[in-house]
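# Observations on the three-dimensional arrangement
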Amino acid sequence: MFKKHIPWAEPYKIKVVEPLKMTSREDRLKAIHEAGYNTFLLRSEDVYIDFLTDSGTNAMSDAQWAGMMMGDEAYAGSKNFYRLEAAVQKYYGYKHLVPTHQGRGAENLLSQAMIKPGDYVPGNMYFTTTRFHQEKAGATFIDVIIDEAHDTASLHPFKGNIDLQKYEDLINRVGADKIPYICVAATVNMAGGQPISMENIRAVKELSDKHGIKVMLDATRAVENAYFIQQREDGYSDKSVAAILLELSGYSDGATMSGKKDLLVNIGGFVAVNDWDLFEELRNMVVVYEGLHTYGGLAGRDMEAMAIGLEEAVQDQNISARVRQVEYFGKLLEKAEVPFIKPVGGHAIFLDAKQFYPHIDQEQFPAQVLAADLYVESGVRAMERGIVSAGRDIVTGKNHKPKLELVRLTIPRRVYTQAHFDVVAYYVEELYKKRHEAKGLKMVYEPKYLRFFQARFERL
Ligand code: PLI
């Protein structure tokens, strides 16, 4: 265990460096204009510090790079698949593994295998790709997260918890036979990287079992969730993160996984389940969408790096340093009195754009504006997580209007040092000082699917 009063440091040192490019304000004004005020459309070469995402942006260890040389690039039965399968069984406890190229590949397979048109899938807030695949398979997504998750000021330690009453009400309203599974995210990305408690997921599993509903975990950042349980929940402070992770996933029947986050790789994912018949269906489908069931769209070397990454990710000192970097950054912003979601989550700081730019109407995309302005101010890239990301209702075509209008400053694992956080915090504060000057945007191009990735905007 790590005592709060003892200074901490990253449990690694730097062996290879990648130079960063600094640009002028003029360069950045031109770049953001050309990118249609969408940070997803910037060229990475035009970015100074890249806090767009923690997805696939991890720095791998020397052991992982060495493991990549051990890639067994056989079409079928690669030894790296069996190594990954064993690691997933050991740390998550699921019986059967189907690798996929990344998380949304796993979501596609699971949604198609489990959902019938007219079904309902409850979840603790939505994630963009997850909800998309559920809806594409014919389900209606129902948010059953606790109300505190929508309140940026609430200091609830487990804002990712499911509201059991909301869940039970849904079961009573539509019937358990219309609910193939509940999708439980650990941590909850869109709520600010907020964890679910062990007590809550245990209760969710009990209620689900009573009604014959499966519990499917979005395990993308479950190691971070396990760390929060160790730090915040009674009875867990003496347990290892690995032991907590195993107990947590034990309250689910399977999981989809984006290895690009917790598992310290640049590409990879999987779906893992306990039920043999479901596994058979997934294993059958993966050959259509991803590749043979022993590689699922990955090279052997990628599976090896993911297996080694999983072993590294669950080490207490590794995950502690990961989350404490985010906390350090949060403390700097707190000192600057910038509005952001508290408590600080596991992978990112989420600026509260509604409070940052209260004069910009939600229909004029305050979070999109803030992400663009931060880039112009500093070369730092962040991501909109508000009305643009929320998209449109699949039936009515109307904009979803999420309560949370956020800009996510996401921390890649093992990539940046504390000095980078000092720099980013400085620029966020500078921008906050001139917040009254900001002007809204209008959307001039809206893609049909997951619009936030490619939408274009103009200044009002
Ligand atoms: O990006 P993928 O396809 O490997 O994974 C999709 C995905 C599923 N669940 C959760 C909670 C995610 O955060 C997630 C991807 N997140 C991205 C890309 C992010 O920037 O947060």
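Located above this text is the structure these notes cover.
### Considering the overall build of the chain
A tally of helices and strands in the chain yields 16 helices and 12 strands. In summary, the chain has a C-alpha radius of gyration of 21 Å against a globular reference of 23 Å for 460 residues, a match within 12%. In terms of overall dimensions, the chain has C-alpha extents of about 60 × 55 × 45 Å along its principal axes. Within the chain, the fraction of its 460 residues that count as buried is 59%. Carbon and sulfur atoms make up 51% of the accessible area of the chain, which totals about 19,100 Å².

### Here we look at the sheet that holds strand β10 (residues 406-410)
Reading across the sheet, the 3 strands line up as β8-β10-β9 and stay open at both edges, with antiparallel pairing between neighbours. In the strand order of this sheet, the two ends are held by β8 (348-352) and β9 (383-385), each with one partner. Strand-to-strand, the axes of this sheet are offset by a mean angle of 35 degrees, without reference to chain direction. As defined by bridge partners, β9 adjoins β10 across 3 bridges and the pair is classed as antiparallel. For M383, the partnering residue across the bridge sits in β10 and is R408. Packed onto the sheet, helix α12 (residues 316-335) meets β8 and β10 and runs at close to 30 degrees relative to β8. Those strands touched by helix α14 (residues 366-378) are β8, β9 and β10, and its axis lies near 40 degrees from that of β10.

### Comments concerning unusual backbone geometry
In this structure, T187 follows A186 across a cis peptide bond, with omega equal to -10 degrees. The residue T187 is located in the loop between β4 (181-185) and α7 (198-211) in this model. With an omega of -5 degrees, the peptide bond between K342 and P343 qualifies as cis. Looking at the secondary structure, you find P343 in the loop between α12 and β8. Within the chain, E337 stands out as a residue other than glycine whose phi angle is a positive 60 degrees. With respect to the helices, strands and loops of the structure, E337 is situated in the loop between α12 and β8. Positive phi values are uncommon outside glycine, yet F365 reaches one of about 55 degrees.

Rules behind the numbers
Residues numbered from 1 in each chain as written. Predicted model: local features only at pLDDT ≥ 70, side-chain atom pairs only at ≥ 80, totals over all residues. Heavy atoms only, no water. Helix = DSSP H or I, 4+ residues; strand = E, 2+ residues; numbered from the N terminus. Rg over C-alpha atoms; globule rule 2.2 N^0.38 Å. Buried < 20%, exposed > 50% of the residue type's maximum accessible area, 1.4 Å probe, protein only. Areas by Shrake-Rupley, 256 points an atom, 1.4 Å probe, with all protein chains shown as cover. Pairing = 2+ DSSP bridges. Axes fitted to C-alpha atoms, helices over the stretch in contact; angles between N-to-C directions. Contact = heavy atoms within 4.5 Å.

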